[in-house]
Amino acid sequence: MEPVFAILILIALMVFGVPVAWSFAGVLMFLIYVYDVGTSTLLLQGFRSLNSVVLLALPLFVLAGYLMQSGGVARRLIGFMELMVRGRKGGLGAALVLSSGVFGAISGTATAAVASIGTIMADPLAQRGYPRGYTSALLGLSSLLGILIPPSLTMILFGVVTRQSITALFAATLVPGILLLLGLILFNRFMAKRFLPDDLPAAAAITKPESGGRIFGKALPALSMPVIILGGIYGGVFTPTEAAAVACVVAIFIGFFIYRDLSLRGLWDSFVDAGQTTGTIIFILLFSFMIGRVMVAEGVPQDLTRAVAALTENRILVLLLVNAFLIFVGMIMDDLSVTVVIAPLFMPLMQDVGVDPVHFGSIVACSVVIGANSPPVAPILYMACRIGKVSIHHAVTPALQMIFFVALPIMIAVTFIPALSLAVPRLLGAL
């Protein structure tokens, strides 16, 4: 019962507005008191877990995301994506999805995509006839492409806490990410026919009128970044950590010398924002590592496996139960909490029913997409609504429609068709 109380305490603290890191600290204090754990050894184990070269990729990718946000990358990407879909019904909504996907393939974070893409596109979409609630929901769902399309900060965290290959995890979420991108574009195409006037062309220009060649030329440096990052990783040129460092250097070079949107003030602000974000994540990781140590020492994962086995031994039902639990927890906890605490608890159970750990990482990433946009917490959806200048009540219905018709079917497909997650890692030799 103690682990159940621990999870309830974590949920309660987060619901009452306690910062995530300190919510984890409160749970850790509860477990230390209940199990009478020696804190000196536990602290030493926690700090040793943070001493990881792989984990160094986390602050570097966070910094790269902020540098690209300040350096004008998002605006050039949007101009290019708008050019690709111009003249088609629902083209502006498709441009939003495509821009979020490409930006996610550079920054690896959902919040950076929401802030960068949403700030530029929210008002033009509204002027074009898109309801602001629908636009915010589409922005919230498409921003989560940054979790699925590599590089992904969520997969870095999952790899660190479960000791799996970061490269394999990056490759495992590529196909689910592409499926989500295509699914959202098709959904937007269908919905656009319902609320866009028939006498208007599909997309109005967000950027200044320019020739296609000029727009492509301006976007080329931004488009080269995912090629450099992912090509370098899967080509064996550098590791994910080295790729993160390269991303920072390239982002600074593009921002300063090509686009010239990045100033010294913007560079400093990017370092400060990245430091604050990374500090929060590191605190969460430290406390989660220590919580994990306590739970493993007390046999909690094994108890969880036995409890589920007592309910059913059917592999399909077990997977459905795990899916349902991940979605439910994701509705009331943020993606970091689900990734670093809940997911490792289910790892022994998944291995018992024959699920590859890398495949499970892909399942967890799909569940985060759903949970981050589902009330009551829905942090990404709330952020998208703030940028979209609309109450969340107007965005809940379209968000749930996108989840039910797009995100949930993809999660089920990824769960029961392992090849969607494992084919690319095997093809690249990462498994």
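Residues numbered from 1 in each chain as written. Predicted model: local features only at pLDDT ≥ 70, side-chain atom pairs only at ≥ 80, totals over all residues. Heavy atoms only, no water.

(A) Seen up close, the overall build of the chain. Counting its regular elements, the chain contains 22 helices and zero strands. Since a compact globule built from 431 residues should have a radius of gyration of about 22 Å, the 21 Å found for the chain is in line with a globular shape. Principal-axis analysis of the C-alpha atoms places the extent of the chain at approximately 65 × 45 × 45 Å. Looking at the 431 residues of the chain, the share that counts as buried comes to 56%. Accessible area of the chain: about 17700 Å², with a carbon and sulfur share of 67%. Once the 23 positive and 18 negative side-chain charges of the chain are each reduced to a mean point, those two points are 13 Å apart. (Helix = DSSP H or I, 4+ residues; strand = E, 2+ residues; numbered from the N terminus. Rg over C-alpha atoms; globule rule 2.2 N^0.38 Å. Buried < 20%, exposed > 50% of the residue type's maximum accessible area, 1.4 Å probe, protein only. Areas by Shrake-Rupley, 256 points an atom, 1.4 Å probe, with all protein chains shown as cover. Lys, Arg positive; Asp, Glu negative; His and termini not counted. Charge placed at Lys NZ, Arg CZ, Asp CG, Glu CD.)

(B) Examining the packing of aromatic side chains more closely. A full pass over the atoms with the stated rule returns nine aromatic pairs. Where W22 meets F283, the ring centres are 5.6 Å apart and the plane angle is 45 degrees; that geometry is what we call tilted. Of this pair, W22 sits in helix α2 (residues 20-35) while F283 sits in helix α15 (residues 264-297); the two residues are 261 residues apart in sequence, bridging distant segments of the chain. A relative accessible area of 47% means that W22 is categorised as partly exposed. Each ring, one from F253 and one from F257, has its centre 5.5 Å from the other, and the planes form 45 degrees; the classification is tilted. Placement of the pair is F253 and F257 together in helix α14 (residues 240-258), with a separation of four residues, close to one helical turn. Take F253: its relative accessible area is 46%, and that puts it in the partly exposed class. What makes F257 exposed here is its relative accessible area of 56%. (Phe/Tyr/Trp six-rings, centres within 6.5 Å; stacked < 30°, edge-to-face > 60°.)

(C) Main features of the nonpolar core. Counting 158 residues, the largest nonpolar core has L180, L285, M350 and F360 as its most contacted members. With twelve residues, α15 is the single largest residue contributor to this core. Apart from the residues within four sequence positions on either side, M350 is in contact with V318, L319, V322, V355 and F360. (Core = buried A, V, L, I, M, F, W, Y, C linked by side-chain atoms within 4.5 Å. Contact = heavy atoms within 4.5 Å.)

(D) Main features of the packing of helix α18 (residues 335-352) against helix α19 (residues 357-371). It is at 10 Å that the axes of α18 and α19 come closest, and there the two elements cross at 140 degrees. Between α18 and α19, the angle falls in the class oblique. Judged by the sense of rotation from one axis to the other, the crossing of α18 with α19 is right-handed. Residues D335, V338, T339, A343, F346, M347, M350 and Q351 of α18 touch α19, and the partners they reach there are P357, F360, V364, S367 and V368. (Axes fitted to C-alpha atoms, helices over the stretch in contact; angles between N-to-C directions. Parallel < 35°, antiparallel > 145°, perpendicular 65-115°, else oblique. Left-handed = near helix turned anticlockwise from the far one by under 90°.)

(E) Just the pattern of salt bridges, in detail. Applying the stated criterion across every chain, the model contains four salt bridges. A salt bridge links R132 to D123; its shortest N-O distance comes to 3.0 Å. Residue D123 is classed as partly exposed on the basis of its relative accessible area of 25%. Between K389 and D123 there is a salt bridge, with the nearest N and O atoms lying 3.2 Å from each other. Placement of the pair is K389 in the loop between α20 (379-388) and α21 (392-416) and D123 in helix α7 (residues 110-127), with a sequence separation of 266 residues. Relative accessible area serves as the criterion here: at 56%, K389 is assigned to the exposed category. (Salt bridge = Lys/Arg side-chain N within 4 Å of Asp/Glu carboxyl O.)

(F) Region of interest: unusual backbone geometry. Cis geometry marks the peptide bond from P150 to P151; its omega dihedral reads 0 degrees. Mapped onto the secondary structure, P151 falls in the loop between α9 (145-148) and α10 (153-162). One non-glycine residue, R260, lies in positive phi territory at about 60 degrees. Its place among the elements puts R260 in the loop between α14 and α15. The backbone phi angle of K389 is positive, close to 60 degrees, even though this residue is not glycine.

(G) Region of interest: the environment of I120. On the secondary structure map, I120 appears in helix α7. It is 47 Å that separates the C-alpha atoms of I120 and E2, two residues lying 118 residues apart in sequence.

(H) Molecular detail of the environment of S362. Note that S362 resides in helix α19. For S362, a relative accessible area of 0% gives the class buried. Those residues within four positions of S362 in sequence are excluded, and the remaining contacts are A172, T173, P176, V414 and S421. Polar side-chain contacts of S362 include one of 3.0 Å to the side chain of S421. (Polar contact = N/O pair within 3.5 Å; in protein donor to acceptor, adjacent residues only side chain to side chain.)

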